[in-house]
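Per-entry structural report
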Amino acid sequence: MNNIKKPLLFICLFVSFSAMSFSSDKLLERNEVAAFIGSGEVLHDLSEEMKVSGVRTFYNFDRTLMAKKNMPIFFENVRLMQENSPEFYDRFTRIVTNYVHDGGNDSVYRFKSANDWAQIGDRIMLAYFTEHSTASRKAYDDFKASIPPGMLKLLKPEDRVKVEEQLGLLKSAQDVPEEDKKLVDSFKVKLKTVLLEMDYKS
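All figures in this text were calculated on a predicted structure; none of them were measured in a lab.

Each helix and strand counted, the protein has 11 helices and 0 strands in total. Going residue by residue from the N terminus, the α and β elements of the protein occur as α-α-α-α-α-α-α-α-α-α-α. Counting only residues that meet the buried cut, the protein has 46% of its 202 residues in that class. Of all intrachain contacts in the protein linking residues separated by at least 6 positions in sequence, the fraction that spans at least 24 positions is 74%. For the protein, the exposed surface amounts to about 11100 Å²; the carbon and sulfur share of it is 53%.

Throughout the structure, instances matching the rule amount to 8 salt bridges. Salt-bridge contacts for Asp180 lead to Arg123; the nearest nitrogen and oxygen are separated by 2.9 Å. Of the two residues, Asp180 sits in helix 10 (residues 178–185) while Arg123 sits in helix 6 (residues 114–131), which places them 57 residues apart along the sequence. By relative accessible area, Asp180 is classed as buried at 3%. For Lys181, the salt bridge identified is with Glu178, shortest N-O distance 3.0 Å. Residue Lys181 and its partner Glu178 are located together in helix 10, separated by 3 residues, close to a single helical turn. With a relative accessible area of 34%, Glu178 lands in the partly exposed category. A cluster of three or more residues bridged by salt bridges with shared partners is formed by Glu76, Arg79 and Glu83.

Below, the discussion takes up the nonpolar core. Phe58, Phe74, Phe92, Phe111 and Trp117 are the most contacted members of the largest nonpolar core, which has 42 residues in total. Listing elements by their share of this core, those giving two or more residues are helix 2 (30–38), helix 3 (40–52), helix 4 (73–84), helix 5 (86–98), helix 6, helix 10 and helix 11 (188–197). At 10 residues, the largest contribution of residues to this core is made by helix 6. Beyond its immediate chain neighbours, meaning those up to four positions away, Phe111 contacts Ala35, Phe36, Ser39, Val96, Thr97, Tyr99, Asp116, Trp117 and Ile120. Phe143, Ile147, Leu155 and Val163 belong to the second-largest nonpolar core, a separate cluster that totals 6 residues.

Considering every residue of the protein, the mean pLDDT works out to 80; 76% of them sit at 70 or more. Mean pLDDT across the secondary structure elements of the protein bottoms out at helix 1 (residues 5–14), with 43, and peaks at helix 5, with 98. Below pLDDT 50 for its whole length, residues 1–23 participates in 55 contacts with residues either more than four positions away or in separate chains.

As a further point, take helix 2. Among the 9 residues of helix 2, 8 are classified as buried, and the element is accordingly described as predominantly covered. Turning to helix 2, its buried residues are Asn31, Glu32, Val33, Ala34, Ala35, Phe36, Ile37 and Gly38.

Definitions and limits used
Residues numbered from 1 in each chain as written. Predicted model: local features only at pLDDT ≥ 70, side-chain atom pairs only at ≥ 80, totals over all residues. Heavy atoms only, no water. Helix = DSSP H or I, 4+ residues; strand = E, 2+ residues; numbered from the N terminus. Buried < 20%, exposed > 50% of the residue type's maximum accessible area, 1.4 Å probe, protein only. Contact = heavy atoms within 4.5 Å. Areas by Shrake-Rupley, 256 points an atom, 1.4 Å probe, with all protein chains shown as cover. Salt bridge = Lys/Arg side-chain N within 4 Å of Asp/Glu carboxyl O. Core = buried A, V, L, I, M, F, W, Y, C linked by side-chain atoms within 4.5 Å. pLDDT = per-residue confidence, 0-100.

Rendered as structure tokens:
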């Protein structure tokens, strides 16, 4: 294997859940996390109905999206539902925007839209996977230092694009707020209910 192919292979092997991140101007709020997890109770029946109808649900787990910046699993599910299953999308929107969770000691959070639900969900899942990854937070710096000068210019265009995308993912890992990871980790037991709802067959 030549010297150019080795770094490319290293990137592909090194990228893991912690390479995905979500850059946001604000931190996740406790009531947002509680509302997203709690909404699973009122969304379960709709999700099952969609499965019976043979359409992609909002809980579909598309593995290809794990390699996308921000890991937009829920966001993409909602986008496709709006595009391909508008009746289900309308029902979904009504459910999430009318949902009021039991906030306990926390203030109640109301979802503003279907996309609001999806974006909060993606940030929660991203923080969860990042917190529970064993990859180094210095992955980008370590790998960048290992790339020979001028190596990217020697790659085929399609390979260079892949390398640059992976470098971008590694760099963005440093942007995952520690506060978000710790907050989501405090909900890890309840979050398992969402993980169980996910449709991993598609």
